[in-house]
Amino acid sequence: QIDDLLSILEMTLDADDGHRPRIPIVFLGDYVDRGSRSADVLAVIASLKIMFPKMITLLRGNHECRAMTGREYKGGINFQREVIKRFGDEPGENLLAVCFAWFDALPVAASVQVSDNEAYFCAHGGIPSRARSVSDLQRLNRFREPPLKGDISDILWSDPLDERLGDNLNDAEYDEFLRIDFIPNPVRGCAFYYGFEALREFAHDNKLRGIIRGHEVCKEGTLEQYRFLRNIEMDHPLVTTVFSASNYCGKYRNLGAVLMVGSDGIETRILDSYEGTFGHSKEYSQALEDDRENETHPGWQMLKRYMMTIKAFRSLASSQAVESLTTLVTQLEKHSSDSSGQLQDWFATFDENNDGELSQGELEQLISSVLTEVAQSWESTIETGVRALLTENLRAKMDDDKDGSITYAEFSAYVRSLKKQ
């Protein structure tokens, strides 16, 4: 939303000093999608980074990738379509290639030092579930399409577990609630919800005051969590969420905000780019509900849509389980042919170590996670043997050289062969 960005710059740049930033600025990601001027936003922030490289930090959000910029949204245009529409086919494709290379190079986290021994951890979504120290993140290979699981996925996609979930618990239940570290995040279809225990440990081990992140619309522009707890009061909130897109997508009627971070704490400043009426809770809640599918990883959605239809799920328990797989993957291929490169992007999201292959473990985890999600929606369970059967059958059909791993060439060749059957 270009108007919000311009409001931020009016607030932070010094017009009398060549529009130099008065203070260092950290952007938390999500510069593209669901608006018609994403290219303008990128042009502005890229110019700022080039002019003032030490004053501007640009972090990667979950939308800065091939998968999210190519998906269809309920309301709003995706970035890839915007670029092609504005610049034409060949120039647009060339510009997108440059943007994707840029996205792959963006850092996923930053540390903002506020005293000699305290800092804030800044990221788009949250904290990693595996890495225990900020220094461990330096060893991550970020120069790639983000995988569907692992620390990069966690940082881009995770959300804090809403502290209000503990309000109606008795003391024993509340103590158990506070001991939650990481639990699956079915709303996103990947990554985790991180709880008080994970936040407390990560902050303590890395000498952090707290986490500053974006990723979620905030009705009042910001939301502080995990400071005033039952029988516990922290010096600072462990998580502060800031959302700078006011009246998001033209329907949330939320305020946009920025955070001023210093040694004395965090100050919230509301943007004045939205002149409409502040929304009621009912309207805000309805907008959240309407957008639920827009906030789910597209690789996860594709799997659920084409591999886990009710008919296919029921067939897993029958003698036709193996035969049903052909129909499922054929449907996947029909969908993937709608957009160039979508099948390869889907493959890449599950290639966790970015080696160009799906190991048996990666393939098994992919199938298992999808089955688990469907089973939860059915309030049922799926036998381990069924999971193993489906995984082994798929691997055997694709693994031409019988080395135990599935390359993209093997994967795509198998899908093409299904279309000829």
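Right above here is the structure, for reference.
Residues numbered from 1 in each chain as written. Predicted model: local features only at pLDDT ≥ 70, side-chain atom pairs only at ≥ 80, totals over all residues. Heavy atoms only, no water.

Engineer: Sorry, what's going on with the pairing of strand 14 (residues 239–242) here?
Structural biologist: Successive side chains on a regular strand alternate, one facing one side of the sheet and the next facing the other. Side chains Val239 and Thr241 project from strand 14 onto one buried face, and the interleaved Thr240 and Val242 project onto a second face that is buried too. As paired strands, strand 10 (residues 208–213) and strand 14 are joined by three bridges and run parallel to one another. When the bridges of strand 14 are listed, Ile212 appears paired with Thr240. (Buried < 20%, exposed > 50% of the residue type's maximum accessible area, 1.4 Å probe, protein only. Helix = DSSP H or I, 4+ residues; strand = E, 2+ residues; numbered from the N terminus. Pairing = 2+ DSSP bridges.)

Engineer: Before we go on, may I ask you to explain the sheet that holds strand 5 (residues 109–115) in this structure?
Structural biologist: Pairing between the strands of a sheet comes from backbone hydrogen bonds, and it takes one of two forms, parallel or antiparallel. Spatial strand order, 5-6-10-14-11: five strands in an open sheet with mixed pairing. Every interior strand has two partners, whereas the edge strands, strand 5 and strand 11 (222–225), have only one. Averaged over neighbouring strand pairs, the angle between their axes works out to 20° when direction is ignored. Relative to strand 10, strand 6 (residues 118–123) runs parallel, the two being bridged by four bridges. Bridging from a neighbouring strand, Phe121 pairs with Ile211 of strand 10. Most of the contacts of helix 8 (residues 196–205) go to strand 10, to which it runs at about 120°, and overall it touches strand 6, strand 10 and strand 14. (Axes fitted to C-alpha atoms, helices over the stretch in contact; angles between N-to-C directions. Contact = heavy atoms within 4.5 Å.)

Engineer: Could you clarify how one ought to interpret the packing of helix 2 (residues 38–51) against helix 4 (residues 79–87) in this entry?
Structural biologist: Two measures define how a pair of helices packs: the angle their axes make with one another and the distance between the axes. In contact at an axis separation of 9 Å, helix 2 and helix 4 are set at 90° when each is read in the N-to-C sense. Put simply, helix 2 runs roughly perpendicular to helix 4. Only Phe79, Glu82, Arg86 and Phe87 of helix 4 make contact with helix 2, whose side of the interface consists of Ser38, Ala39, Asp40 and Leu42. (Parallel < 35°, antiparallel > 145°, perpendicular 65-115°, else oblique.)

Engineer: Sorry if this is basic, but what is going on with the pattern of salt bridges here?
Structural biologist: A pair can form between side chains of opposite charge whenever their charged atoms are brought close. In total, this model carries 19 salt bridges according to the counting rule given. In this structure, Asp171 engages Arg230 in a salt bridge whose closest nitrogen and oxygen atoms are separated by 3.0 Å. With Asp171 in helix 7 (residues 171–178) and Arg230 in the loop between strand 12 (228–229) and strand 13 (232–233), this pair connects stretches of sequence that are 59 residues apart. You can call Arg230 partly exposed: its relative accessible area is 26%. For the salt bridge of Glu197 with Arg200, the shortest nitrogen-to-oxygen distance reads 3.0 Å. Taken together, the positions of Glu197 and Arg200, both in helix 8 and three residues apart, correspond to about one turn of that helix. Taking the relative accessible area as the measure of exposure, Arg200 reaches 33% and is therefore partly exposed. In this structure, a network of salt bridges that share partners links the residues Arg37, Asp40, Glu82 and Arg86. (Salt bridge = Lys/Arg side-chain N within 4 Å of Asp/Glu carboxyl O.)

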